[in-house]
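Observations on the three-dimensional arrangement
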Amino acid sequence: MFAQNLLAQDINPGSVVLTIVLVGISLFILVAFFKAVRIVPQKKAFIVERLGKYSKTLEAGFHILFPFIDRVAYVHSLKEQAVDVPPQSCITKDNIAVEVDGILYMQVIDPKKASYGINNYMFASSQLAQTTMRSVMGKLDLDKTFEERDAINSVIVDAVDKASDPWGIKVTRYEVKNIMPPQSIKDAMEKQMRAEREKRALIAESEGDRQAKINRAEGDRQEMIARSEGEKQKRINEAEGKAIEIQRVAEATALGIREIAKAINAEGGVNAVNLRVAEQYLNEFGKLAQTNNTMIIPSNLADIAGVIKTATSVVQKIEPKA
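Residues numbered from 1 in each chain as written. Predicted model: local features only at pLDDT ≥ 70, side-chain atom pairs only at ≥ 80, totals over all residues. Heavy atoms only, no water.

We now examine the overall build of the protein. Across its full length, the protein holds 9 helices and 8 strands. Taken over 322 residues, the protein has a buried fraction of 21%. Within the protein, counting contacts between residues at least 6 apart in sequence, those at least 24 apart form 64% of the total. Of the roughly 22900 Å² that the protein leaves accessible, carbon and sulfur atoms contribute 59%. (Helix = DSSP H or I, 4+ residues; strand = E, 2+ residues; numbered from the N terminus. Buried < 20%, exposed > 50% of the residue type's maximum accessible area, 1.4 Å probe, protein only. Contact = heavy atoms within 4.5 Å. Areas by Shrake-Rupley, 256 points an atom, 1.4 Å probe, with all protein chains shown as cover.)

With that settled, the discussion passes to the nonpolar core. With 30 residues, the main nonpolar core has Val98, Val100, Leu104, Met133, Ile152 and Tyr174 as its most contacted residues. Elements that contribute at least two residues to this core include exactly strand 6 (80–91), strand 7 (97–108), helix 4 (121–137), helix 6 (149–163) and strand 8 (169–180). Those residues in contact with Ile152, other than ones at most four positions away along the chain, are Met133, Val136, Met137, Leu140, Thr145 and Val176. Core analysis: the second largest hydrophobic core is formed by 5 residues, Val40, Val48, Leu58 and Leu65 among them. (Core = buried A, V, L, I, M, F, W, Y, C linked by side-chain atoms within 4.5 Å.)

We now examine the side chain of Gln88. Tracing the sequence through the fold places Gln88 in strand 6. According to the relative accessible area criterion, Gln88 is buried, its value standing at 6%. Here the side chain of Gln88 touches Arg134 through a polar contact of 2.9 Å, side chain to side chain. With residues up to four places along the chain from it excluded, the contact list for Gln88 reads Val98, Glu99, Val100, Ala129, Gln130, Thr131, Met133 and Arg134. (Polar contact = N/O pair within 3.5 Å; in protein donor to acceptor, adjacent residues only side chain to side chain.)

What follows concerns a nonpolar patch on the surface. The grouping of Val17, Leu18, Val21, Leu22, Ile25, Phe28, Ile29, Val31 and Phe68 at the surface amounts to a nonpolar patch, some 850 Å² of accessible area in total. By secondary structure assignment, the location of Leu22 is in helix 2 (residues 13–36). (Patch = residues over 30% accessible without salt bridge, like charges linked within 9 Å, V, L, I, M, F, W, Y side chains within 5 Å. Salt bridge = Lys/Arg side-chain N within 4 Å of Asp/Glu carboxyl O.)

Moving on, we come to the side chain of Thr92. Secondary-structure assignment places Thr92 in the loop between strand 6 and strand 7. Looking at Thr92, the relative accessible area reads 2%, which means it is buried. In terms of polar contacts, Thr92 uses its side chain to reach the side chain of Asp94, at 2.4 Å. Ignoring anything within four residues of it in the chain, the contact list for Thr92 reads Val98, Met137, Gly138, Leu140, Asp141, Leu142 and Thr145.

Remember that side chains alternate between the two faces of the sheet whenever the strand is regular. Note: strand 2 (residues 44–50) against strand 3 (residues 53–58), 5 bridges, orientation antiparallel. In the sheet register, Ile47 faces strand 3, and the bridge partner there is Thr57. The turn joining strand 2 and strand 3, which pair antiparallel and follow one another in sequence, is formed by 2 residues; a positive phi near 55 degrees is taken by Leu51. (Pairing = 2+ DSSP bridges.)

Below, the discussion takes up helix 6. In this model helix 6 runs 21 Å from its N-terminal to its C-terminal C-alpha over 15 residues, within 8% of the 21 Å that 1.5 Å per residue would give. Those residues of helix 6 not exposed but buried are Ile152, Asn153, Ile156, Val157 and Val160. With its buried residues spanning 130 degrees around the axis, helix 6 presents them on a single face. Set apart from the buried face of helix 6 by more than 90 degrees, the exposed residues are Asp150 and Lys162. (Expected span 1.5 Å × (residues − 1). Arc of directions from axis to C-beta.)

In this model helix 4 runs 24 Å from its N-terminal to its C-terminal C-alpha over 17 residues, within 8% of the 24 Å that 1.5 Å per residue would give. Among the residues of helix 4, those classed as buried are Tyr121, Ala124, Ser125, Ser126, Ala129, Gln130, Thr132, Met133, Val136 and Met137. Put simply, Asn120 is the residue that caps the front of helix 4, since its side-chain oxygen is 3.2 Å from the backbone nitrogen of Met122.

Take the sheet that holds strand 7 next. One open sheet accounts for 3 strands, arranged 6-7-8; its pairing is antiparallel. Where the open sheet ends on each side, the last strands, each with one partner, are strand 6 and strand 8. The mean angle between the axes of side-by-side strands here comes to 20 degrees, regardless of whether they run parallel or antiparallel. Where strand 7 lies against strand 8, 10 bridges are found, and the strand directions are antiparallel. Bridging across to strand 8, Leu104 finds its partner in Tyr174. Sheet strands touched by helix 4: strand 6, strand 7 and strand 8. Its angle to strand 6, the strand with the most contacts, is close to 40 degrees. (Axes fitted to C-alpha atoms, helices over the stretch in contact; angles between N-to-C directions.)

Bringing the sheet that holds strand 5 (residues 70–77) into the picture now. Sheets are built from strands paired through backbone hydrogen bonds, the pairs being either parallel or antiparallel. As summarised here, the arrangement of the 3 strands in space is 3-2-5, forming an open sheet in which the pairing is antiparallel. The open sheet is flanked by strand 3 and strand 5, the only strands paired with a single partner. Taken pair by pair, the neighbouring strands of this sheet meet at an average axis angle of 25 degrees, ignoring direction.

Right, dumping it as C-alpha cells:
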C-alpha cells in the first residue's frame, strides 16, 4: 500500500501526455516514410494517383511520394504474359461442332492505358480471342481447320491486337492448342485415314511393281541390243574372215597357176602335162567303172594318144595368155 502511494506521487500527468504525443509522432513519421518511399522492381510499372487523379507512372528504381496525397493505384507487369483461352464450342463451315482452346500471349506497352482504358484487359482479350476464333472457324471446313492453324493464329492476333490498342496492350501471338471434334467425327476421320493409308500402300506397291517391270523390260532390251550388237560384230568378223580367206585362196591359186605356167614353159613341161592328164583320165574313168553298174565307154577309148593331144593343144592355147 505504501509502494502504490509512492508510485502515484512520482507520476506526472504532463510527462505521460508528452510521451504519448512523441510515440504518436514517431508512428506517424514511420507510416509516412513507408508511404512516401517506393522501390519499383525491374519490369514493373506503378501507376500513381494524386488525390484520386492520375499523376505519373513509376518505372524500375527508387521513388519518393507525398504521403497521404499520392498513392499507388495500379501495379502492372511489363513482361510478356500468357493467357489461357478456355475451350469453346465452334461450328465449322460444314456444320460440325468442335471445341477449340488456345493460348494468347500479350504484353503491357502503356501502363496508363492498361489502367484506365479497360477494367480487366486479360479477361477482355481472352473474350475477344474466343469470339474471333468462332468467326474464323465458321469460315473453314473441318479438314481445313487442321491445316490452316497458322492462318487462324494470324487472324486472331491481328483482330485482338487491333482491338486492344486503346488498352495499351500488344498481342504478340496466339497458338491453337487443341481442336477436338465429336467422337463420331473422330471415328470417321480415323476410318478415312486408314483407308487413305491403305490406298497409298496399294499405290506404292503398284508403282513398285510397275517400276520393276520397266526395269526388267529395259534390262531385256539392253540385253537384246547387246546380243544383236555381238551377233552383228560376229557376222562382220566372219565375213571379213571369209573375205580374207577367199582373197588368200585366190592369191594362192593364182600363185599356183603362175608356177604351173612356169613349169609348163620349162623344158619337158609339156610332156609332164601330157603324162599328168593321161593319169587323171585313166583314174577318173576307173572310178566311174567302180561306182556305176552301167558304164558309158567312149567310142575312142583306145585312142588315149588323141585325148592327150587334145589336152596338149588346150595347154598350148592357154600358155601364151599366161
